[in-house]
Number of protein chains: 4
Amino acid sequence: MVKIKSFAVIGGDKRQAEMAKSIAADGYTVYAAGLEGLALSPAVQRAQAEKAALQAETVIFPLPASKDGKTVNAPYSAAEIPLSDALAEALRGKMVFCGMKERLRQAGGAWRAMPLHDYFAREEFAVHNAVPTGEGALEIAMREYPGTISGARCLVTGYGRIGKALSAMLGALHANVTVSARKPGDLAWIQAAGFRAVETGSLAQQGETYDIIFNTIPAMIFDAHTLAKTAEGALVIDLASAPGGVDFEAARRLGIPAVQALSLPGKVAPRTAGEIIKNIVYHVTEEGLA
Amino acid sequence: MVKIKSFAVIGGDKRQAEMAKSIAADGYTVYAAGLEGLALSPAVQRAQAEKAALQAETVIFPLPASKDGKTVNAPYSAAEIPLSDALAEALRGKMVFCGMKERLRQAGGAWRAMPLHDYFAREEFAVHNAVPTGEGALEIAMREYPGTISGARCLVTGYGRIGKALSAMLGALHANVTVSARKPGDLAWIQAAGFRAVETGSLAQQGETYDIIFNTIPAMIFDAHTLAKTAEGALVIDLASAPGGVDFEAARRLGIPAVQALSLPGKVAPRTAGEIIKNIVYHVTEEGLA
Amino acid sequence: MVKIKSFAVIGGDKRQAEMAKSIAADGYTVYAAGLEGLALSPAVQRAQAEKAALQAETVIFPLPASKDGKTVNAPYSAAEIPLSDALAEALRGKMVFCGMKERLRQAGGAWRAMPLHDYFAREEFAVHNAVPTGEGALEIAMREYPGTISGARCLVTGYGRIGKALSAMLGALHANVTVSARKPGDLAWIQAAGFRAVETGSLAQQGETYDIIFNTIPAMIFDAHTLAKTAEGALVIDLASAPGGVDFEAARRLGIPAVQALSLPGKVAPRTAGEIIKNIVYHVTEEGLA
Amino acid sequence: MVKIKSFAVIGGDKRQAEMAKSIAADGYTVYAAGLEGLALSPAVQRAQAEKAALQAETVIFPLPASKDGKTVNAPYSAAEIPLSDALAEALRGKMVFCGMKERLRQAGGAWRAMPLHDYFAREEFAVHNAVPTGEGALEIAMREYPGTISGARCLVTGYGRIGKALSAMLGALHANVTVSARKPGDLAWIQAAGFRAVETGSLAQQGETYDIIFNTIPAMIFDAHTLAKTAEGALVIDLASAPGGVDFEAARRLGIPAVQALSLPGKVAPRTAGEIIKNIVYHVTEEGLA
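Residues numbered from 1 in each chain as written. Chains lettered and ligands numbered in written order. Predicted model: local features only at pLDDT ≥ 70, side-chain atom pairs only at ≥ 80, totals over all residues. Heavy atoms only, no water.

## Section: the environment of Val259 of chain D
All names here are of chain D. Cut-off, in case you're wondering: Numbering of helices and strands runs from the N terminus, with a helix taken as a DSSP run of H or I at least four residues long and a strand as a DSSP run of E at least two residues long. Accessible area is worked out with a 1.4 Å probe on protein chains only. A residue is then buried under 20% of its type maximum, exposed over 50%, and partly exposed in between. Two residues qualify as a contact provided that any one of their heavy atoms is within 4.5 Å of a heavy atom in the partner residue.
Structurally, the position occupied by Val259 is in strand E12 (residues 258–260). For Val259, a relative accessible area of 22% puts it in the partly exposed group. Put simply, Val259 and Leu239 are 20 residues apart on the chain and 8.7 Å apart in space, counted from C-alpha to C-alpha. Setting aside residues up to four positions removed in sequence, Val259 forms contacts with Ile140, Leu235, Val236, Ile237, Asp238 and Phe248.

Structural data, given as structure tokens:
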């Protein structure tokens with residue numbers, strides 16, 4: 001029997017575990033599958049994946065939902081959870097949420113046509129995650145840099161979501177903040193926010209060096225030449241998704257400490273990261289009921 | 001003879017006067033026409049419009065360049081400045097800047113095909129002007145509201161340029177800030193900035209009242225019903241361009257003080273407003289030379 | 001008959017009127033005397049001074065309670081309110097609050113020994129009032145300065161209560177803030193808050209000029225020499241209590257616009273100023289009951 | 001021969017090493033003794049303690065200068081550095097700086113009467129160090145707390161230097177900040193800064209719980225009772241000097257994670273901590289010369 005307002009959480013990492021606990025704490029029934037390696041609250045019921053799916057109204061897969069297109073992305077699971085026809089059958093008629101739905105589509109069969117809500121594709125998912133990403137970057141900077149953020153000459157390349165959130169945090173902590181962008185409108189926003197604005201293409205020619213450099217642009221910004229011109233004595237933190245924007249080999253040769261920081265929300269703030277997914281699920285579910 | 005790096009400023013108000021002074025202070029030759037009613041620095045040379053245009057490399061018209069499509073917008077001019085063929089002729093081969101170029105096009109003849117740089121159409125113009133607009137709104141609120149901004153319950157409707165700039169200022173002064181928007185991505189940004197987010201469409205149903213309400217949405221948001229539900233005892237400031245978003249007649253009936261605040265940059269911060277135009281002119285001119 | 005939790009407000013200006021309305025809105029009985037020239041809410045009962053005092057448990061005089069030591073400071077009163085023996089008698093056994101109690105003591109007789117709670121003497125009164133004072137100074141700067149606060153080079157002299165509150169506001173609005181002080185500890189706090197610190201004694205030698213100068217030090221800081229060295233082209237706002245810290249005559253000669261801004265809380269934010277007094281009265285009254 | 005503007009750095013940890021490098025980078029001659037276990041720049045000359053003292057104009061001991069009253073506090077030294085008569089003799093006529101000078105006085109003999117400048121006793125030393133302490137506390141909170149600082153309900157007990165610096169950082173990162181204090185003036189400052197103010201003595205009765213609690217008061221604030229009432233599910237970070245303000249044994253029993261965080265500046269930001277000492281040495285030296 002399907003319980004009203006019941007949720008199955010299948011696979012994932014700490015943020016899914018936190019999300020399961022948080023949904024249960026809101027008073028709903030929660031079944032968790034594939035999280036055997038993580039602690040949960042007593043209110044969350046552990047179940048096998050198909051049973052969890054059958055019993056719940058709403059099913060939530062992780063981000064990404066699958067890494068190989070064959071099994072659920074479930075690093076803390078006691079056993080593999082195949083994207084089987086049986087599991088697909090159990091999902092029939094349910095509201096199914098996942099991150100990167102094309103990964104589930106790859107499993108073929110019933111997975112190809114199943115209605116899927118991809119929270120990762122929603123603008124507000126990316127915006128909300130910019131906050132834990134920015135804080136995670138700040139934590140790395142605090143740990144690795146031998147001075148304080150206050151007074152440090154910081155460069156943030158790119159003024160997209162992460163660049164906006166991170167530069168605001170750095171400025172709030174009294175760093176000396178420069179942000180680079182390409183578009184005149186973005187450069188104007190950077191100045192309106194109280195920061196120094198630099199065109200990304202002219203970084204190497206500026207003759208400015210920094211104490212901490214945060215790259216958010218997924219393109220090769222910090223090649224050997226630009227590193228040599230801007231990053232002498234600096235700490236470099238690359239937040240851009242693979243392949244990133246820093247030539248780490250060149251950084252090593254130049255003696256510049258460089259850190260690649262990926263998937264920060266799930267790592268540094270799994271509770272917040274879980275809340276973000278939960279809130280989108282609630283929001284979409286309510287819209288669906290309306 | 002045309003002087004290298006010489007500018008003609010034709011028509012306009014205080015911001016053009018400030019701009020003329022600022023360009024002259026940068027060491028360039030500046031001719032000003034149609035600003036007879038305003039004080040200028042000795043470095044700015046007053047001239048008749050056609051002469052000014054003939055002698056300068058770059059000519060700058062105000063915002064809007066014309067109100068009637070027949071004369072230059074020049075409220076401080078000793079005499080009308082017609083958009084004549086003679087003036088058009090004097091502009092041949094010059095770099096000509098203006099705000100709202102379609103107003104000049106209306107004059108017909110040579111004006112229709114003249115190359116015109118419209119600074120008002122540039123994204124960075126709007127972004128930079130959000131700062132003086134926000135400060136102007138703040139000044140009105142400080143003057144009209146009998147309490148402090150600190151601790152005041154403020155509502156900002158709309159999270160476009162002005163909404164972003166203004167809410168940041170209010171938050172920085174420790175107001176209790178709520179911002180309304182429609183798109184989930186904007187609502188997420190509002191929360192990420194540390195403010196309470198409300199859907200614009202649900203303002204009347206929320207049952208919340210405010211001390212100061214700033215409208216930035218150019219659509220009828222504050223009709224009699226919404227005013228009655230949100231604005232009892234509040235001060236309402238409408239920043240949206242005409243026809244605005246507040247039913248002023250209803251506000252009057254309800255005893256709610258409401259202020260229409262238009263064209264704030266030129267009024268409250270003409271120096272900054274002039275600098276914004278100057279910087280765009282410089283930037284485009286340099287691009288043109290490169 | 002004395003009503004439980006009843007208050008008499010005798011004399012004062014807009015802030016006392018706002019306070020009377022606010023206390024009445026909290027559900028208490030309020031009698032107002034000497035505020036005939038100001039609008040009050042229907043919940044506030046107008047009364048003659050002695051009657052008001054007789055009927056109330058708690059009596060609140062303005063700030064200063066008296067200007068001449070003979071009558072209550074009551075600029076909006078229909079008639080003078082003498083500090084008579086009869087009024088003193090009516091206050092017997094009441095909790096009596098006032099600002100600058102030595103002004104009432106001057107009336108002699110029963111006034112000399114009457115128990116008086118001086119809210120003006122309390123540290124938290126001064127701290128809370130630093131906020132409306134800072135906002136009032138900001139409002140003047142916004143009105144008088146032709147540019148934006150954002151980006152303006154601002155100097156605040158003195159890092160006492162007003163200096164702290166005001167510099168925080170200026171920094172929050174992205175001004176370029178310099179603060180002067182004398183003590184090494186204060187200079188360190190200024191830097192920790194993210195501002196440039198300058199020794200007050202070395203202002204003239206620094207060779208720095210500013211766009212807006214706010215003086216908070218009640219001593220002659222801006223004599224002709226210092227004005228000439230720091231304030232060319234600047235707006236000067238003197239917030240220090242009389243005789244202030246600016247040579248206004250020298251400023252006039254030098255063509256430097258200078259504004260003397262006194263008693264800002266009552267003028268720019270009477271509602272907040274009234275709340276501050278009300279909260280102290282409530283707090284002390286509760287302590288007294290405990 | 002004593003070189004003009006030469007410095008001896010004797011003993012200490014990473015911050016002394018950073019300070020030695022920074023002074024050398026300013027162009028002065030620097031001799032370092034007792035830092036054999038730490039990397040220095042080539043510009044810093046290693047020397048034996050007495051030789052270093054003899055050759056330098058100014059000698060800088062660590063904080064505390066000694067732990068046992070018999071040897072220099074030199075955890076990275078190749079050998080013990082006794083507070084011998086010979087070392088005291090070498091210091092004759094030098095400017096000698098140290099932290100906690102009473103520790104050197106304990107060595108007796110010539111140490112008892114030697115002129116010593118105690119940088120630790122200076123107000124600006126404590127103020128400047130509040131910034132790295134606050135950032136260090138923030139780093140711990142980011143590492144240990146599974147959510148973001150943004151939106152976390154944070155309590156800071158005490159509004160002294162560290163409480164002020166830390167609460168400002170938390171507020172700047174959009175935490176929901178409550179600060180406790182005892183004095184009405186401090187409670188007013190807390191509110192003026194935009195935070196919720198609570199009387200320290202009433203924490204347990206408030207019925208409020210928090211996500212992260214930072215104690216800065218060196219007195220037993222968080223006993224078992226107060227922990228149970230305020231800290232369920234919270235992370236507790238004790239920043240107060242020994243014996244601190246948290247009953248760690250009770251926290252363990254209650255399942256509340258609690259961290260004791262001492263001497264943060266030298267640990268998390270040795271470069272900044274070294275700069276703070278260097279700047280005081282420079283400042284005092286210049287005063288001495290004047």
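## Here we look at the interface of chain D and chain A
The following threshold applies: When two components associate, each loses some accessible surface as probed by a 1.4 Å sphere; the sum of these losses over both components is called the buried area. Salt bridges are defined by distance alone: a side-chain nitrogen of Lys or Arg within 4 Å of a carboxyl oxygen of Asp or Glu. Pairs of N or O atoms within 3.5 Å make up the polar contacts considered here, provided that, within protein, one atom can donate a hydrogen while the other can accept it, and that residues adjacent in sequence are counted only when both atoms are side-chain atoms. In this count, Pro and Cys sit with the nonpolar residues alongside Ala, Val, Leu, Ile, Met, Phe, Trp and Tyr, while Asp, Glu, Lys and Arg are called charged and the others, Gly among them, polar.
Chain D puts 21 residues into the contact, and the matching count from chain A is 21 residues. Of the roughly 1900 Å² buried at the junction of chain D and chain A (both faces included), carbon and sulfur atoms supply 59%. In terms of surface lost to chain A, no three residues of chain D exceed Glu135, Met142 and Pro146 of chain D, which account for 31% of the buried area on that side. At the surface where chain D touches chain A, the tally comes to zero salt bridges. Across the chain D-chain A interface, the total number found is eight residue pairs in polar contact (both at pLDDT 80 or more). Residue assignment for the side of chain D that touches chain A shows that the elements contributing at least two residues are helix H5 (123–144), helix H6 (161–172) and helix H11 (270–289) of chain D. A per-element tally of the side of chain D that touches chain A places H5 of chain D first, with seven residues. A breakdown of the residues in the side of chain D that touches chain A according to their chemical character gives 13 nonpolar, four polar and four charged.

## Remarks on the side chain of Ser180 of chain C
Tracing the backbone through its elements, the reader meets Ser180 of chain C in strand E8 (residues 176–181). If sequence neighbours within four positions are ignored, Ser180 of chain C has contacts with Leu155, Val156, Thr157, Gly158, Tyr159, Ile190, Val198, Thr200 and Leu203 of chain C.

## Thoughts on the relation of the copies chain B and chain C
The line we're drawing: The fit set for superposing copies consists of C-alpha atoms from residues with pLDDT of at least 70 in both; the fit itself is least squares.
Superposing chain B onto chain C takes a rotation of 180° combined with a translation of 0.0 Å along the rotation axis, leaving an RMSD of 0.1 Å. The symmetry that links the two subunits is that of a two-fold axis. Looking at chain B, 100% of its interface residues are interface residues in chain C too, so the copies touch through the same face.

## With respect to helix H7 (residues 184–192) of chain A
Every buried residue of H7 of chain A is listed here: Gly185, Leu187, Ala188, Trp189, Ile190 and Ala192 of chain A. The inward-facing, buried residues of H7 of chain A contact strand E8 (176–181) and strand E9 (196–199) of chain A together with helix H5 (123–144) and helix H6 (161–172) of chain B. At the C-terminal side of H7 of chain A, Gly194 of chain A shows a positive phi close to 95°.

## Some thoughts on the relation of the copies chain D and chain A
Least-squares fitting of chain D to chain A yields an RMSD of 0.0 Å, with the superposition described by an axial translation of 0.0 Å and a rotation of 180°. When the interface residues of chain D are mapped onto chain A, 100% of them again fall at the interface, so both copies present the same face.

## Considering the packing of aromatic side chains
Note the threshold: Two aromatic rings, drawn from Phe, Tyr or Trp (for Trp, its six-membered ring), form a pair once their centres lie within 6.5 Å of each other, and the interplanar angle then sorts them: stacked below 30 degrees, edge-to-face above 60, tilted otherwise.
Under the criterion given, the structure shown has 24 aromatic pairs over all chains. With a centroid separation of 5.6 Å and an interplanar angle of 40°, the aromatic rings of Tyr119 of chain C and Phe125 of chain C are classed as tilted. Both residues of the pair, Tyr119 of chain C and Phe125 of chain C, belong to the buried class. Between Phe7 of chain D and Tyr282 of chain D, the aromatic rings sit 6.0 Å apart at their centres with planes inclined by 45°, giving tilted as the arrangement. In this pair, Phe7 of chain D is assigned in strand E1 (residues 6–10) and Tyr282 of chain D in helix H11, connecting sequence segments 275 residues apart. Comparing Phe7 of chain D with Tyr282 of chain D shows no difference in burial state: the two are buried. Cluster of aromatic residues (ring-pair linked, three or more members): Phe7, Tyr28 and Tyr282 of chain A.

Such coordinate-based values are descriptive only and should not be taken to indicate function.
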